[in-house]
Amino acid sequence: MTENAVQLIYIVAAAAFILSLKWMSAPATARRGVLTGELGMLLAIVGTLLRHEVVGYQGILIAFCLGSAIGVPLAYLMPMTAVPQRTALSHAFGALAAALIGTAEYYKHTPHGLVMVALATEVLLGFLTFTGSLMAFGKLQELLPGRPITYRGQNPVNLTILGLAALAGVLLAIHPEQTWVFPIFMALALVFGVLLILPIGGADMPTVIALLNSYAGLSAAAMGFALDNKLLIIAGALDGSSGFILSIVMCRAMNRSFTNVLFGAFGQVQASAAHAAERPVRTATAEDAASILESARLVIVAPGYGMAVAQAQHKLRELYDLLSRRGVDVRFAIHPVAGRMPGHMNVLLAEADIPYDKLYEMEDINSEFAQADVALVVGANDVTNPAARNDRDSPIYGMPILDVDKARTVMVIKRSLSPGFAGIDNDLYYMENTLMLFGDAKSFLGGIVKELGAAVRV
Amino acid sequence: MRFDEATLFVFVLAAFLGFELIRHVSPLLHTPLMSLTNAISAIAVVGAILILGEKDAPALSRVLGFVAVTASTINLVSGFLITDRMLKMFKKREPEKP
């Protein structure tokens, strides 16, 4: 009787998750989507607590309180610039939970057959996503060097570890009672997670975070198979496919394949490539920049990770306000891989109160650059490099870019001429219509804002 | 425990449904989307509760179950809350001030 009721509750919860994702598609309905998701989760938990095999409420309650005590501050105290780190961390938690449940299940029941296959998948994905996400967190939080860490024979080593882990998994699936294999299996999965992320550099983080998201979901789905729980399967599959789609979107935006992202170690390979001779650049001061911006009709801003690092989004908003007030049309061009996770720039600009209908996707804005009087590049590099379009020999050739070079004047705010993540010189900086604004993005934008503000008062 | 092939159907259908749903999410919202799916994948809490709350659960299950419930609670609480916090910031242009 209770079991039927529980299944019914689970079905409603699954429907809530589906509606939640459906409503997530547009900003107008997205918050309703969150509410629905919360409702679904509440139902799932209540339904589970009702099951008659659940009797130990005390430990559950303590764990709920402890988790909430950590979770609430994590949600409210995290600055928006740290959202990629938080996401990596929560992938780690989710994957850890899945892996530990699988481990407990194994030692308790030692399941056989296909259930064991599901359990091994859950544990493998869970543990490798756990350490992998912790590594990603370390890199994003700059506890670890953000550059790719590579060594000779890296790929063979990684593949060997993965192969051994898979072998141990197969062995366990065939002979589940061989308990000595299980710790080895766990250790291999944990080590592989670390090795997988070592060669990943900052600009590849969006893809990798999305991929880890997918793995975390898949391990929850595998848990559903192991526990014969369809709600887990549905929620896990939704999460798994979401992460998968996002990582495909990211890969396409870089014109690279999965294998290339995971095993390519981008930055390292090209570090020695294309080191152009000293070429002249044109520079400008905040004053010059202000007067050009002032007389423009259409200004398109291309933000990148540098904007996040310099925390320049609020100054950008001030500039947006001043220019809009003078009738200048200011738009923002968002490259899909700008920043450190999918959609990173949108969140930062929204945080700075820039209306979201001013944020344009790459495909929608690229044709507008030709009509733009000014393209203002703030902390973006490789995603604006015309070599991706023109230079067949360039390592980033074929990558879709923002066509900022087509604007009448290009202004680039940048600390120095140092190459971007891909280690490639950016031809954009040496073009005739480009003005380099050397300095910290936040203070330089502050300078421009001051100039414009002074002009208002006169 | 047996392996029910119906569960495989559920998985495949849910995955396709997921593809269709996510394809329609505007890239504008990819970050909140990821934190939302993160919170949803904290559904692992269901499995964790079953392990921790089981009658006469062995010590190992209790410890692992406790960590798992805590970890998934962190995820679901912070995931839903931060998604909402982010979405609150997405505003359309305010009406022109006179």
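Here the structure is a predicted model, which means the values were calculated and not measured.

Caption draft 1: Up close: the sheet that holds strand 6 (residues 434-438) of chain A. Residues and elements named next belong to chain A. Taking strand neighbours across the sheet as the criterion, the 6 strands line up as 3-2-1-4-5-6 in an open arrangement whose pairing is parallel. Each of the sheet's edge strands pairs with one partner strand only, and the pair in question is strand 3 (359-361) and strand 6. This sheet shows a mean twist of 25 degrees between the axes of neighbouring strands, independent of strand direction. In the packing of helix 15 (residues 344-351) onto the sheet, contacts are made with strand 1 (298-303), strand 2 (329-334) and strand 3, and the angle to strand 2 comes to roughly 145 degrees.

Caption draft 2: Quick peek at the interface of chain B and chain A. Opposite the 80 residues of chain B that make contact, chain A presents 101 residues. Contributing elements (two or more residues each) for the side of chain B that touches chain A: helix 1 (5-23), helix 2 (30-41), helix 3 (44-53) and helix 4 (59-89) of chain B. When grouped by side-chain class, the residues that make up the side of chain B that touches chain A number 49 nonpolar, 21 polar and 10 charged.

Caption draft 3: How the structure looks around the nonpolar core. Formed by 206 residues in total, the largest nonpolar core has its most connected members in Ala375(A), Val377(A), Ile43(B), Ala44(B) and Ala68(B). Residue contributions to this core peak at 17 residues, all from helix 5 (residues 113-140) of chain A. When residues are assigned to domains, this core turns out to be shared by domain 1 (78-268) and domain 2 (286-457) of chain A, each giving three or more. If we skip the residues at most four places from it in the chain, Val377(A) touches Ala302(A), Thr384(A), Val404(A), Val410(A), Met411(A), Val412(A) and Ile413(A).

Caption draft 4: Layout of the domain arrangement of chain A. Residue and element names in this part refer to chain A. When cut into domains, chain A gives domain 1 (78-268) and domain 2 (286-457). Each of domain 1 and domain 2 was reduced to a C-alpha centroid, and the two centroids are 35 Å apart. Those elements giving two or more residues to the side of domain 1 that touches domain 2 turn out to be helix 4 (83-109), helix 8 (205-227), helix 9 (230-253) and helix 11 (266-270). Its residues placed into classes, the side of domain 1 that touches domain 2 shows 15 nonpolar, 6 polar and no charged.

The rules we used
- Residues numbered from 1 in each chain as written.
- Chains lettered and ligands numbered in written order.
- Predicted model: local features only at pLDDT ≥ 70, side-chain atom pairs only at ≥ 80, totals over all residues.
- Pairing = 2+ DSSP bridges.
- Helix = DSSP H or I, 4+ residues; strand = E, 2+ residues; numbered from the N terminus.
- Axes fitted to C-alpha atoms, helices over the stretch in contact; angles between N-to-C directions.
- Contact = placed C-beta atoms within 7 Å.
- Nonpolar A, V, L, I, M, F, W, Y, C, P; charged D, E, K, R; others polar.
- Core = buried A, V, L, I, M, F, W, Y, C linked by C-beta atoms within 7 Å.
- Buried ≥ 20, exposed ≤ 12 C-beta atoms within 10 Å, placed from the backbone.
- Domains from an automatic or database assignment.

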